[in-house]
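# Geometric and topological summary
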Amino acid sequence: MFPQFDLGVSHLFGDHTGFAMSRNPVWVDVRHAFIASTDGLVAALAILLVVNLLRQSPLLLTCRQISFALMAYALGPGLIVNGIFKSWWGRARPRDVLEFGGRHLFTPPLVPATECSHNCSFVSGEGSAVMAIALIVILLLWPRLSGKGRLAMLICAAVYVAFGGGLRVAFGGHFFSDVVFAALMMAVVVPATYLVIIGPGTGPADRTKSSGSKILTGRASP
């Protein structure tokens, strides 16, 4: 409804000379730290999966839980975002449009364009990565935490996603809507993957309640 909002937000961080934060070594290192946090966690989960396959009992997470995390990341940031939207939508990045010293035209987020041929702006790859990781961690740790722990986790996840996605806007790598729609896509893909691979009501807390009910009713196995 308000496509010019994207330009307004980007103008907070850049002008016709470009985006200053993208040339600041400190902020560049911060961005690399976010990339390392997402890619590093996925690599650690892949290693943990191999370790679990070599053990008689799972370590930290079950193979099914790790498979959910790896599959959600592969489908979300991997296939849907980078494989489909960023490759075919054709929206130019902020730093490449005329308003910020580039040569391409600005286009609204939900309108396919031909201003970019590959690795385009819609949607944000790094924005989808931080959102996917945040949701994966929330879904895996939720049954293990108390009320205060869950609240703290949600706050940390919100800050992590907002900061990681916001950096892409401040750097001129993405418009605000690129980050928002990336987050919305992951909010569908990650929970859906969880339901398919793990299913509802199968967390540790649920299994504990189920075992307790069997003992109380005298149906516990010997």
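For the structure itself, look to the data block above.
Residues numbered from 1 in each chain as written. Predicted model: local features only at pLDDT ≥ 70, side-chain atom pairs only at ≥ 80, totals over all residues. Heavy atoms only, no water.

## Let's talk about the packing of helix H2 (residues 25-54) against helix H4 (residues 125-141)
The interhelical angle for the contact between H2 and H4, taken along N-to-C directions, is 50°, at an axis separation of 10 Å. Taken together, the axes of H2 and H4 lie oblique to each other. For the element pair H2 and H4, the recorded crossing hand is left-handed. Of the residues in H4, those in contact with Arg31, Phe34, Ile35, Thr38, Leu41 and Val42 of H2 are Glu126, Ala129, Val130, Ile133 and Val137. Here the contact of H2 with H4 is composed, by residue class, of 8 nonpolar, 1 polar and 2 charged. (Axes fitted to C-alpha atoms, helices over the stretch in contact; angles between N-to-C directions. Helix = DSSP H or I, 4+ residues; strand = E, 2+ residues; numbered from the N terminus. Parallel < 35°, antiparallel > 145°, perpendicular 65-115°, else oblique. Left-handed = near helix turned anticlockwise from the far one by under 90°. Contact = heavy atoms within 4.5 Å. Nonpolar A, V, L, I, M, F, W, Y, C, P; charged D, E, K, R; others polar.)

## Considering the layout of surface pockets
By volume, the largest pocket amounts to about 200 Å³. Lining the largest pocket are Met1, Phe2, Pro3, Phe5, Asp6, Pro109, Leu110, Phe176, Ser177, Val180 and Phe181. Considering each element in turn, the lining of the largest pocket owes the most residues, 4 residues, to helix H6 (residues 176-197). Of the residues assigned to the lining of the largest pocket, the class counts are 9 nonpolar, 1 polar and 1 charged. (1 Å grid on protein atoms, 1.4 Å probe; cavity = no way out; pocket = protein on both sides within 12 Å on 5 of 7 lines; lining within 4 Å. Points joined across faces, edges and corners; volume = space filled by probe spheres on them.)

## What to know about the nonpolar core
Note that soluble globular proteins tend to have their nonpolar side chains buried in a common cluster. Within the largest apolar cluster, 34 residues are counted, with the highest numbers of intra-cluster contacts made by Phe68, Ile136, Leu140, Met186 and Val190. Mapped onto this core, the elements with two or more residues apiece are H2, helix H3 (63-88), H4, helix H5 (147-170) and H6. Looking at which element gives the most residues to this core, the answer is H4, with 9 residues. What Met186 contacts, discounting residues up to four positions off in sequence, is Gly76, Pro77, Val81, Ser128, Met131, Ala132, Leu135 and Pro191. Counting 7 residues, the second-largest nonpolar core is a separate cluster that includes Ala92, Val97, Phe100 and Phe106. (Core = buried A, V, L, I, M, F, W, Y, C linked by side-chain atoms within 4.5 Å. Buried < 20%, exposed > 50% of the residue type's maximum accessible area, 1.4 Å probe, protein only.)

## Digging into the environment of Val130
Structurally, Val130 is set in helix H4. The spatial distance from the C-alpha of Val130 to the C-alpha of Ala157 is 8.9 Å, given a sequence separation of 27 residues.

## So, the packing of aromatic side chains
Taken as a whole, this structure holds 11 aromatic pairs when the rule is applied. Residues Phe34 and Phe163 carry aromatic rings whose centres are separated by 5.6 Å and whose planes lie at 80° to one another, so their mutual orientation is edge-to-face. Remark: Phe163 occurs in helix H5 and Phe34 occurs in helix H2; sequence separation between them is 129 residues. Taking relative accessible area as the criterion, Phe34 reaches 14% and is therefore assigned buried. By relative accessible area, which is 38% here, Phe163 ends up partly exposed. Geometrically, the ring pair formed by Phe85 and Phe122 is edge-to-face, given 5.9 Å between the ring centres and 70° between the ring planes. Placement of the pair is Phe85 in helix H3 and Phe122 in the loop between H3 and H4, with a sequence separation of 37 residues. With a relative accessible area of 1%, Phe122 lands in the buried category. (Phe/Tyr/Trp six-rings, centres within 6.5 Å; stacked < 30°, edge-to-face > 60°.)

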